Amino acid sequence: MEIRQAEFVSSITDMGKSPAKKLPEFAFIGRSNVGKSSLINMLTNRKGLAKTSAKPGKTQTINHFIINQKWYLVDLPGYGFASVSKDLRQGFGKIIDHYLIKSETLYCLFVLIDIRLEPQAIDTRFLDWAGSNEIPLAIIFTKADKLSTGKINQALERYKTELLKRWDELPPLFVSSSTNKKGREEILKFIEKSFSA
Ligand code: GTP
Ligand code: MG
């Protein structure tokens, strides 16, 4: 799919303020610093569209970007970011949960996981929560440029084994790098296909 247009639409800081125009939404979630905002920039080929930072906790609102005037990419705050105060963290948590459960136009939630890490409880807990709320999801492993192909395959196998302990079926899985654009075509193709599914 060609991305002809990508524009920031709005930041949601409290509940119930989604963009007025209802369009298919594809949202990105995962731990702080996993590379959500960078992936949005990579997919759209727009460097500064979503704000990124080496310091975790950069994205603190629900940000909608409209693509080709037809669908939204949604950048979400990270979970598990300890330096944000507990109140604020619980506040985010509620807003995100509410958004994810209530959105009638969420076509897919992409859960991002750093390919270098062993399966972490915080991610599997989130995946279980999303699964039990019947949120349509896919997993994107990030930062693949940091590992050799052999190590990437090892990490994938480890994750698949972990997921199959809890689920009967694997969700769609993608391997990506915002640095070398690995995964871009596959992820955009998946998004395109889900319009006609
Ligand atoms: P929060 O908004 O804080 O939740 O973080 P985020 O998940 O949006 O992460 P962000 O995109 O801001 O990236 C965090 C850091 O990881 C930045 O320093 C990025 O340059 C780096 N990064 C993101 N993706 C990649 C990648 O694919 N490869 C490499 N090597 N670095 C990456
Ligand atoms: Mg971010």
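As shown above, the structure is provided for reference.
Conventions we followed
Residues numbered from 1 in each chain as written. Chains lettered and ligands numbered in written order. Predicted model: local features only at pLDDT ≥ 70, side-chain atom pairs only at ≥ 80, totals over all residues. Heavy atoms only, no water. Core = buried A, V, L, I, M, F, W, Y, C linked by side-chain atoms within 4.5 Å. Buried < 20%, exposed > 50% of the residue type's maximum accessible area, 1.4 Å probe, protein only. Helix = DSSP H or I, 4+ residues; strand = E, 2+ residues; numbered from the N terminus. Near = heavy atom within 4 Å. Polar contact = N/O pair within 3.5 Å; in protein donor to acceptor, adjacent residues only side chain to side chain. Nonpolar A, V, L, I, M, F, W, Y, C, P; charged D, E, K, R; others polar. Donors = N, O, S within 2.8 Å, 3.2 Å for Na, K, Ca; no water. Axes fitted to C-alpha atoms, helices over the stretch in contact; angles between N-to-C directions. Parallel < 35°, antiparallel > 145°, perpendicular 65-115°, else oblique. Left-handed = near helix turned anticlockwise from the far one by under 90°. Contact = heavy atoms within 4.5 Å.

1. Considering the nonpolar core
When a protein is soluble and globular, its nonpolar side chains tend to lie buried together.
Reasoning step 1: The biggest cluster of nonpolar side chains holds 34 residues, and the ones touching the most others in it are I29, L76, Y99, L100, L109, F126 and L127.
Reasoning step 2: Counting only elements with at least two residues in this core, the list comes to β2 (25-30), β3 (62-67), β4 (71-75), α2 (86-102), β5 (106-114), α3 (121-132), β6 (137-142) and α4 (149-166).
Reasoning step 3: Among the elements that take part in this core, α4 stands out by supplying five residues, more than any other.
Reasoning step 4: Counting residues in hydrophobic clusters, the runner-up holds 24 residues, among them I3, L73, C108 and L188.

2. Structural notes on the site of ligand 1
Reasoning step 1: The immediate surroundings of ligand 1 are formed by 22 residues, with K36, S38, G57, D145 and S178 found nearest.
Reasoning step 2: Here G35 contributes a backbone N or O atom positioned 3.0 Å from an oxygen atom of ligand 1.
Reasoning step 3: Between an oxygen atom of ligand 1 and a side-chain N or O atom of S38, the distance comes to 2.6 Å.
Reasoning step 4: Looking at side-chain class alone, the shell around ligand 1 contains three nonpolar, 13 polar and six charged residues.

3. Quick notes on the coordination of the magnesium ion (ligand 2)
Reasoning step 1: Binding of the magnesium ion (ligand 2) to the protein goes through S37 (OG) and T59 (OG1), at separations of 2.0 to 2.2 Å. Remark: T59 occurs in the loop between α1 (36-44) and β3 and S37 occurs in helix α1; sequence separation between them is 22 residues. Judged on exposure class, the residue S37 and its partner T59 are both buried.

4. Comments concerning the packing of α3 against α4
Reasoning step 1: Packing of α3 against α4 leaves a shortest axis separation of 12 Å and a crossing angle of 45°. For the element pair α3 / α4, the angle class is oblique. Crossing geometry of α3 relative to α4 is assigned as right-handed. Contacts from D123, T124, L127 and D128 of α3 reach α4 at Y159, E162, L163 and R166.
Reasoning step 2: Partitioned by chemical class, the residues of the contact of α3 with α4 number three nonpolar, one polar and four charged.

Taken by themselves, the reported measurements are silent on function.
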